[in-house]
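Here are the chains, one letter per residue:
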Amino acid sequence: MTTDVDDVDTVPRTTTAPEEEPPGAGRSERISALAQQHGALVTLVVAMTVASLSFDTFLTGANLENMAVSSAFLAVVALGMTFVIVTGGIDLSVGSLFALGGVLAAWGSQYGTAVALLLPLAVCGLIGLVNGVLIARSRLAPFIVTLAAMLGARGILLSVTDEGSRTYLVDKESFFATLGQGTLLGVGVPVWITVALFVLGAVVLRRTRFGQYVYAVGGNEDAAALMGAPVARTKIVVYTLSGLCAGLAGALNAAWLVSGVTILGSGMELEAISAVVIGGTLLTGGFGFISGSLVGVLLLKVIQNVINQIGSLDSAYQQVVSGAFLAVVVIAQTWLGRRRRVL
C-alpha cells in the first residue's frame, strides 16, 4: 500500500497554550474601571461631608433646595452634551441656545404655556439639527460648526431683545411660571423634570439600539460604519438632542426667574463639558455615563456653594477650582485608560 506525499502533513502540529493573565491583572482592571466610573461620586460624598462639618448652613433645607434647583438647568444641558461627547464630538453652542431658549420662552409665555415651551424647543432643536447635518453630512469639524452656531444664536438673541435692552417678563400666576417655581412633595418641579429626563436618557443610552450606535460611533467611527451603524444619522440626532436640551433648560430657567434674562448662558458650554468629563465620560468618545454627568454637575455646584459659604472668596475662585479639578480628572482618566489597555 502506497501513501501519497501530499496527503501527509509534513509540518508538525503544535498546540499554543492560551496566554495567562498576569496575577492581579483582572482585579487591577476592575479597580481602574470602578475608579473611572465612580470616582466623581466618591469625591462628591467626601466634599459634601467636609462641607457639612465645616458649615452649619450647608445641610439646611433651604440651601439644599437652592442647590438642587440651580443644578437642574445645567444638568439638562449636560444631559444633551453627554450624548455628543460620547460620540467623540463637542457642542459649544449650548450656552447661547440656553439664553436664546429663555428669551423665546419668556416672549412666548404671553401666548400660553404651550408656546412658551414649544417655541424654544423648535428653534434650538432646529439649530442643533443644522449643526448635526453640517458635521455629519459635510464632515465639518464640530468645534467650528458649533462655534458658528454659538455666535449665530447669540445674534438672534440680540435681535429679539433689541440689542439686549428689552427683557420679557413671565406672568407669575401662569402655569408656565409654576414649572419653574412650583414644588411637588417639597421638591422643586425643575428637579423632578431633570430626574425624569436623566432616567429616560440613561435608558436610551444603555438599553436601546440607538444608544449602542452612540457608543460605537464614539469608539471607532469607521468600524461602526462597517458594522452597519447609521453614523451620520446618529450624529444628527445627538446634536439635535443637545439643542433641544439647551432650549428646554433655558425655558425652565425663564420660568424660574419669571423673565428672559439675556446675559445668562455665557460660559455654560464650558461648565457642561466640565461636568460631563468630571462624571467619567471620555473626551475622545466611546465611554461615558448619564449618571456620571449628573454627579459632575452636583460636584461643581457643591464647590460653588462652599466658596459662597466661605464668604471671603469671590466667584472667580469657583472657576479656578473647577478648572484645576477638571485638569486633575482628565489626567486621571488618561492614566486609568492607559493602565486598562496595558492590563
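Throughout what follows, the structure given in this document is the object of discussion. Bear in mind the structure is a predicted one, so any value in this text is a computation, not a measurement. (Residues numbered from 1 in each chain as written. Predicted model: local features only at pLDDT ≥ 70, side-chain atom pairs only at ≥ 80, totals over all residues. Heavy atoms only, no water.)

### Comments concerning unusual backbone geometry
- Not every positive phi belongs to a glycine, and L185 is a case in point at roughly 60°.
- Looking at the element boundaries, L185 is found in the loop between β1 (183–184) and β2 (187–188). (Helix = DSSP H or I, 4+ residues; strand = E, 2+ residues; numbered from the N terminus.)

### Quick look at the pattern of salt bridges
- If you walk through the whole model with that rule in mind, you get two salt bridges.
- A salt bridge links E221 to K235; the shortest N-O distance between them is 2.9 Å. Taken together, the residues E221 in helix α9 (residues 221–226) and K235 in helix α10 (residues 231–257) connect sequence positions 14 residues apart.
- On the accessibility criterion, E221 (27% relative accessible area) is partly exposed.
- Each of R139, E221 and K235 takes part in a single network of salt bridges with overlapping partners. (Salt bridge = Lys/Arg side-chain N within 4 Å of Asp/Glu carboxyl O. Buried < 20%, exposed > 50% of the residue type's maximum accessible area, 1.4 Å probe, protein only.)

### Structural notes on the side chain of T87
- Its place among the elements puts T87 in the loop between α2 (61–86) and α3 (94–108).
- You can call T87 buried: its relative accessible area is 9%.
- One polar contact links the side chain of T87 to the main-chain carbonyl oxygen of V84, over a distance of 2.5 Å.
- Not counting residues within four places of it along the chain, the set of residues in contact with T87 comprises V214, V217, G218 and V238. (Polar contact = N/O pair within 3.5 Å; in protein donor to acceptor, adjacent residues only side chain to side chain. Contact = heavy atoms within 4.5 Å.)

### Concerning the packing of α2 against α10
- Contact pair α2 / α10: the axes reach a minimum separation of 6 Å and the direction vectors enclose 165°. Taken together, the axes of α2 and α10 lie roughly antiparallel to each other. When the axes of α2 and α10 are compared, the crossing they make is left-handed. Along its contact with α2, which presents N66, V69, S70, F73, V76, V77, L79, G80, M81, F83 and V84, the element α10 presents V238, Y239, L241, S242, C245, A246, A249, L252, N253 and W256.
- Grouping the amino acids of the contact of α2 with α10 by side-chain chemistry returns 16 nonpolar, five polar and no charged. (Axes fitted to C-alpha atoms, helices over the stretch in contact; angles between N-to-C directions. Parallel < 35°, antiparallel > 145°, perpendicular 65-115°, else oblique. Left-handed = near helix turned anticlockwise from the far one by under 90°. Nonpolar A, V, L, I, M, F, W, Y, C, P; charged D, E, K, R; others polar.)

Any link to function would need more than the numbers given here.
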